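Survey of secondary and tertiary structure
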Amino acid sequence: MKNNDKREKHFFRNMWKALGMELREHKSSFIVYFILRLLVIIMMILQIFNKNYENVFLCILTLLLLVVPSLVQVTMKIELPTTLEIIILVFIFAAEILGEIREFYIVFPFWDTVLHTLNGFLAAAIGFSLVDLLNRSEKMVFKLSPLFTAIVAFCFSMTIGVIWEFFEFGMDQILGYDMQKDTVIHTIRSVMLDPAGGNNVAVIDNIKNVTVNGKDLGLGGYLDIGLIDTMKDLMVNFVGAVVFSVIGFFYVKNRGKGSVARRFIPRKKKAERDFLKIVEAEEVEKENLEKKGTGTPQN
């Protein structure tokens, strides 16, 4: 049991050192990470003073998410391009801190649209890189063509977008949230309004006000509960996915010569940049030196 505890302690210590090395590897992304982390900590302190503990949790979650890109690079031994890493960091901050805590989703109606478009782009980049890394692996017995690689990236991105909309719907239905934001509309088209009870579309247009239980909602129209928001999110996700899939297609077709695509496509880490392996090797060397210094026999 003691040996297991010792191994776990060494693993977490090595992982922590490797993460530190990974974070400091690229100067520009480290500066962005440091500034965003500082802003999140300041925001968390303010939320503690305001006793808004739900936002404190969001701040803690954001701090953890900001480390995820470096954690992925260390554990999966892949190299995220600096541009992609910075975009991911800014995306996390924009979604959690600006979007949720600073209420940018309400203040700026386009904020959600921009983030979902970016999400489609990033998800396609991740899906594309997974296929691209497999294509370059010597263990693979088949290779996907540029077109199929782009299609897989597109499908991966759209799947992520759909799963996220499932999540929003579940949170709204189960926990009573309002993640699928409502939209004020002025026209209703529905077969349920057909006076004859048939399958004919009845239309109510020019809706200026709606009264519920004798109270005017004061919205200047009728409420579409989540459907338009969901479809809009999927559409802009589609746009982001298509844009990157096209970029990725030409990247593979030209055998990795695309300067634009190279900024967004992760690649396999080189041995000299495998920081976890470097730290583990240093740890073994240190232990060997300590054993030699104390005269402890080695197995």
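Residues numbered from 1 in each chain as written. Predicted model: local features only at pLDDT ≥ 70, side-chain atom pairs only at ≥ 80, totals over all residues. Heavy atoms only, no water.

Regarding the pattern of salt bridges
Pairs may arise between side chains of opposite charge once their charged atoms sit close together. A full pass over the atoms with the stated rule returns 3 salt bridges. One salt bridge connects Lys269 with Glu22, and the closest N-O pair in it is separated by 3.0 Å. Pair noted here: Lys269 is in the loop between β8 (267-268) and α9 (275-294) and Glu22 is in helix α1 (residues 2-23), with a separation of 247 residues, a long-range link. Across the pair, exposure class does not vary: Lys269 and Glu22 are buried alike. One salt bridge connects Glu79 with Lys269, and the closest N-O pair in it is separated by 2.7 Å. Taken together, the positions of Glu79 in strand β1 (residues 78-79) and Lys269 in the loop between β8 and α9 put the pair 190 residues apart, joining distant regions of the chain. Residue class for Lys269 comes out buried when judged on its relative accessible area of 10%. (Salt bridge = Lys/Arg side-chain N within 4 Å of Asp/Glu carboxyl O. Helix = DSSP H or I, 4+ residues; strand = E, 2+ residues; numbered from the N terminus. Buried < 20%, exposed > 50% of the residue type's maximum accessible area, 1.4 Å probe, protein only.)

Points about helix α2 (residues 27-49)
Residues separated by three or four positions in an α-helix point in the same direction, a consequence of the helix having 3.6 residues per turn. With 23 residues, α2 extends 33 Å from end C-alpha to end C-alpha; this agrees with the ideal 33 Å at 1.5 Å per step. Listed as buried for α2 are Ser29, Tyr33, Leu36, Val40, Met43, Met44 and Gln47. Lys51 sits one or two positions beyond α2 and adopts a positive phi of about 60°. (Expected span 1.5 Å × (residues − 1).)

Quick notes on the side chain of Asp172
Locating Asp172 in the fold gives a position in helix α7 (residues 146-175). Here Asp172 occupies a buried position and makes no salt bridge, while the nearest side chain of opposite charge, Lys181, is found at 7.0 Å. Separated by 3.3 Å, the side chain of Asp172 and the backbone nitrogen of Asp178 make a polar contact. (Lys, Arg positive; Asp, Glu negative; His and termini not counted. Polar contact = N/O pair within 3.5 Å; in protein donor to acceptor, adjacent residues only side chain to side chain.)

Focus: the confidence of the model for the protein
Taken as a whole, the protein shows an average pLDDT of 86; of its residues, 92% reach a score of 70 or greater. Of all secondary-structure elements in the protein, the lowest mean pLDDT belongs to α1, at 74, while α2 reaches the highest, 95. (pLDDT = per-residue confidence, 0-100.)

Describing the environment of Ile60
With respect to the element layout, Ile60 can be found in helix α3 (residues 53-76). Note on Ile60: relative accessible area 40%, which makes it partly exposed. Measuring from C-alpha to C-alpha, the distance between Ile60 and Asn213 comes to 41 Å, with 153 residues separating the pair along the chain.

So, the packing of aromatic side chains
Summed over the entire model, instances satisfying the criterion amount to 12 aromatic pairs. On the basis of an interplanar angle of 40° and a centroid distance of 6.4 Å, the ring pair of Phe108 and Trp111 is categorised as tilted. Among the residues examined, Phe108 registers a relative accessible area of 30% and is labelled partly exposed. Measuring from ring centre to ring centre gives 5.0 Å for Trp164 and Phe167, while their planes differ by 35°; the resulting arrangement is tilted. Of this pair, Trp164 and Phe167 both sit in helix α7, 3 residues apart, which is roughly one turn of that helix. Judged by relative accessible area, which is 37%, Trp164 ranks as partly exposed. What makes Phe167 partly exposed here is its relative accessible area of 37%. Feature note: the residues Phe121, Phe128, Phe244, Tyr251 and Phe264 constitute an aromatic cluster, connected by ring pairs. (Phe/Tyr/Trp six-rings, centres within 6.5 Å; stacked < 30°, edge-to-face > 60°.)

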